Structures are given as C-alpha cells and as structure tokens.
Amino acid sequence: MEELKLENIYKEMGISDKVYAFGAATEEQLAERFKKIDETAEYNQLKVLKAMQENKVSEACLLGTTGYGYNDIGRDTLEKVYASIFHTEDALVRPQITCGTHALALALMSNLRPGDELLSPVGKPYDTLEEVIGIRESKGSLKEYGISYKQVDLLPDGSFDYENIKKALNDKTKLVTIQRSKGYQTRPTLSVARIGELIHFIKEIKPDVICMVDNCYGEFVERIEPTDVGADMVVGSLIKNPGGGLAPIGGYIAGKKECVENAAYRLTSPGLGKEVGASLGVLSSFYQGLFLAPTVTAAALKGAIFAANLYEKLGFKVVPNGTESRHDIIQAVEFQNEKAVIEFCKGIQAAAPVDSFVVPEPWAMPGYDSDVIMAAGAFVSGSSIELSADGPIKPPYAVYFQGGLTWQHAKFGILKTVQFLDESGILSDNL
Ligand SMILES: *Cc1c(COP(=O)(O)O)cnc(C)c1O
C-alpha cells in the first residue's frame, strides 16, 4: 500500500503545497520552544493531579445534586481542588457563574461597598468590564451603587507608571484590579512575575487593599499563578483554559476566605453563601476538563506561537512577536486592513469541527463598542479555549486569535487562515 502522506490529507482539506511547506518549515524552527511548553504542561499536569489526589476526589464527586444542592460533595471537593491548585484559602467554582464577565462582576460587586474606590493600575480593562464598572453608562454598574473608579495607564513602553499608581491610591481605594491578559488590546500581557512586582509595590503603600487578578486566558501558561505572588483573588472563566474545553459553562474565584465568602453571599444570598447551588450534571466535565487543562492550554499556546511566527514572516505586526515569552494564549495580528480580518476569521471558521460550512460576518455584539467578527465552530458555544478568533472592526484592524483543543487542530486552523488570505490576494510574495 502506498504511504499515506501528511501533505496529501492537507491538500484534500484545501491547504496548498505552498502553504503546507511554509507551515512545516516554521514548525521545525519552533521545536525547542514547543519542548519547553510541553515541560510546563507536564509540571501543571502533576500540580492538578496532586490537588485531586490530596483532596480525595472520588467517584461520588462526579455525580450531581438537584434542588438546593445541600451537601454537594462534588461541588465542595472541586472548590477545594481549585484552592489547592491556586494555593488559596478558598474557592468558588460554579455553573451558576455564567461567564468570565459575570465572575469578575461578582468578585467586584461583592467585595466593594458604596463609597469605595476601584483602581486599575494597568490601563483600560476588558471591554465588557467597562459596563460593569460604569466607564460606559450601564444599568446596575458599580458606579450606580456609588463605587468610584480610577485608572492609571501603562507607560508607552508597557511598564507600570509607579508614580501615578502611588498618587492614585487613596483612603477610598478598596480593591485593585489587574488584568493579566491583553484582551482586545495590543499592550503586552503581564507575566506572573510582573504582576507580583506590582502587587508588592501596591501593598507597601496600602497593605489592606484587595488585589484581584483577572486571570482569563492565563491559567496554566506558567508554572505559577498570580495567587503565588500575592494576589488576594484570581478570577476566570471555565469556557477558557481551566475548563479544558469540556466544561460547558462556569466561572471561578479563588482567593482569601473573606473575598470568596463575600462572592458566595452575593452569588446566592446573604445567609446562604456556598451552602446552596446544585451542580446538576456538570461536575464530571468540570473535573475532567480541569484534568486536561494543562495539555489543552499547551496546545493553544503552541498554536499562538505558530501563528505569530507565520504572520511575522508574512510581514504583519504580531503581538506578542514570534520570539517573546508567553503569559497568555492570545495572539494578536494587526492587519491594518478590514478585509484581512474577515478572511482570517473565515479561515478559522472553515477549519472548525462544528459549523465549518457557515461564513462569519461582523455584527454589533452586546458589550462591545464596535462591530465584531467572531469565528468559532466550537463544541461549547462561544468557548474560546477552542480554536476561535475575534476581530473588532476598528483600527488597527487586529484579530485576536486563541485556543485549539489539540495542537494539530490549531495548526490546521492557522494554515487555513493563511490559505484564505493567499486566495483573496492579500498576501504579497512573502509566502
Ligand atoms: C474573556 C475575558 C473576559 C470576559 O469573559 P467572558 O466569558 O467573555 O464574559 C474578561 N477579561 C478577560 C481578560 C478576558 O479574556
């Protein structure tokens, strides 16, 4: 029988010889980096396993409760597992937390009181947080409840503006929010070490301030998490890294006992807190997803680095660049060209296992201040640990690409984007 060649199946799947060869050559150059990523995944795999063993995860934990959900051993044990992984006193991990924005809003609204002030020392937060805070007028915002907000931008070179952070900290400052990932911006993502330096600086000035980190897209990218360097609370979404692609919904807050308790009393009700909240049937996916999360995150990370290197060679600005160290799974490519953003997203969509036949278009998505085009053919709707791309239709016409449950799928998706851009004549002769 004739050998079944890799490039042949790529060809059957619409990848030209030229694009395939370009990808193969780039992949070869990344072997050393990919090995380091695998070692981090190995470290984090054992960290997760250790937490599951030490907290005695049992078969009974995988079942669910209904109704009030009193004495839900699976839910309570999972929260202990998260607390072990993040080295925190407590955690809240719930399917009733509907998404990352909800988890962040919950952490903020439950730990701030009227008259308090919130400070972001790392510039503008993620778009959806603008309405939570009240930067953009919104019903139910922190602003409506008399909670004020201050922001100190990063300096042009991406470093912290320590002088103005010091000035911004005052008697009212109760909570500092630090976003680890760049989100829809082109600033650098913060390493855990840098987050630690910032927290140290802030706590020297105001030891009792609560330091919260928006950990979305950052989990398991490094061997340590922000709570290992002084963060009082980390917050994230289960349809990103820690859900491992299997969690169908959910968010988490891990941190100091008091912070987590405040969040629990707000999520359910004063007096009830963590004691209620049936897990229904989702716990086995939370556990299994968490177990897979280190390797899934590694796959996504390889995809991001692969994309950075391909698009850099094609002459586009990529953030982070092809060689920079990584602290989240997001890759931005600045096209300065609306059509390129759309073609890129079409390529990601065409590579999907679900809905590969649909064509994405820009639309006015709730929570965002411009039209956004999104490509996602995911098993879990909107999951961005699965191969996905978002492009806000505004300058610098960048796409934010992330995810990939397996490296092989991430690679295929990225090659598909190159193929789409090539076929629509956007690429010059660099290919
Ligand atoms: C995704 C994300 C959020 C919001 O999460 P959703 O689940 O989309 O609501 C907040 N902050 C950052 C940095 C994110 O990446």
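Residues numbered from 1 in each chain as written. Predicted model: local features only at pLDDT ≥ 70, side-chain atom pairs only at ≥ 80, totals over all residues. Heavy atoms only, no water.

Asker: Let's hear about unusual backbone geometry: which residues, and what values?
Answerer: Of note, the bond from V319 into P320 is cis; its omega dihedral lies within 30 degrees of zero at -5 degrees. Along the chain, the position of P320 falls in the loop between β8 (317-319) and β9 (331-334). Geometrically, the link from P395 to P396 is a cis peptide bond, its omega value of 10 degrees lying close to zero. Mapped onto the secondary structure, P396 falls in the loop between β11 (388-392) and β12 (398-402). (Helix = DSSP H or I, 4+ residues; strand = E, 2+ residues; numbered from the N terminus.)

Asker: Quick rundown of the environment of E338? Include the residues and the values.
Answerer: Within the fold, E338 resides in helix α11 (residues 338-350). By relative accessible area, which is 38% here, E338 ends up partly exposed. Once the C-alpha coordinates of E338 and G403 are considered, the two residues, 65 residues apart in sequence, prove to be 22 Å apart. (Buried < 20%, exposed > 50% of the residue type's maximum accessible area, 1.4 Å probe, protein only.)

Asker: Report on empty space enclosed by the protein, specifying residues and quantitative values.
Answerer: All told, the structure shown has four cavities of 30 Å³ or more when counted by the stated rule. The calculated volume of the largest cavity comes to roughly 90 Å³. Along the wall of the largest cavity there are 14 residues; nearest its centre are P125, L129, T177, Q179 and D214. Elements with a contribution of two residues or more to the lining of the largest cavity: α6 (127-133), β4 (173-179) and β5 (210-214). Counting residues per element, the lining of the largest cavity draws most heavily on β4, which supplies three residues. Residues of the lining of the largest cavity, tallied by class, amount to seven nonpolar, four polar and three charged. (1 Å grid on protein atoms, 1.4 Å probe; cavity = no way out; pocket = protein on both sides within 12 Å on 5 of 7 lines; lining within 4 Å. Points joined across faces, edges and corners; volume = space filled by probe spheres on them. Nonpolar A, V, L, I, M, F, W, Y, C, P; charged D, E, K, R; others polar.)

Asker: Report on the environment of A247, specifying residues and quantitative values.
Answerer: Its location among the elements puts A247 in the loop between β6 (233-237) and β7 (251-255). On the accessibility criterion, A247 (2% relative accessible area) is buried. Placed 135 residues apart in sequence, A247 and L112 show a C-alpha to C-alpha distance of 29 Å. Residue contacts for A247: discarding those within four places in its chain leaves L238, I239, S285, F286 and V380. (Contact = heavy atoms within 4.5 Å.)

Asker: Provide a residue-level description of the site of the ligand, including the pertinent values.
Answerer: Around the ligand, the neighbouring residues are C99, G100, T101, L104, Y126, Q179, D214, C216, Y217 and K240. Between the ligand and G100, the relevant distance is 2.7 Å, taken from an oxygen atom to a main-chain nitrogen or oxygen of the residue. A distance of 2.9 Å is found between an oxygen atom of the ligand and a side-chain nitrogen or oxygen belonging to K240. Here the ligand has 380 Å² of accessible area as a free molecule, and 90% of this is covered by the chains. Given that more than half its atoms are within 2 Å of the pocket grid, the ligand belongs to the largest pocket. Among the elements that line the shell around the ligand, the one with the most residues is helix α5 (residues 100-111), at three residues. Residue composition of the shell around the ligand, by class: five nonpolar, three polar and two charged. (Near = heavy atom within 4 Å. Polar contact = N/O pair within 3.5 Å; in protein donor to acceptor, adjacent residues only side chain to side chain. Areas by Shrake-Rupley, 256 points an atom, 1.4 Å probe, with all protein chains shown as cover. Sits in = over half its atoms within 2 Å of the grid points.)

Asker: Go over the packing of helix α3 (residues 31-54) against helix α4 (residues 73-86), please, and point to the residues and values.
Answerer: Running from amino to carboxyl end, α3 crosses α4 at an angle of 135 degrees, the nearest separation of the two axes being 9 Å. By the criterion of interaxial angle, the relationship of α3 to α4 is oblique. By crossing handedness, the relation of α3 to α4 is classed as right-handed. Residues K47, V48, A51 and M52 of α3 form the contact with α4, whose own contacting residues are V81, S84 and I85. (Axes fitted to C-alpha atoms, helices over the stretch in contact; angles between N-to-C directions. Parallel < 35°, antiparallel > 145°, perpendicular 65-115°, else oblique. Left-handed = near helix turned anticlockwise from the far one by under 90°.)

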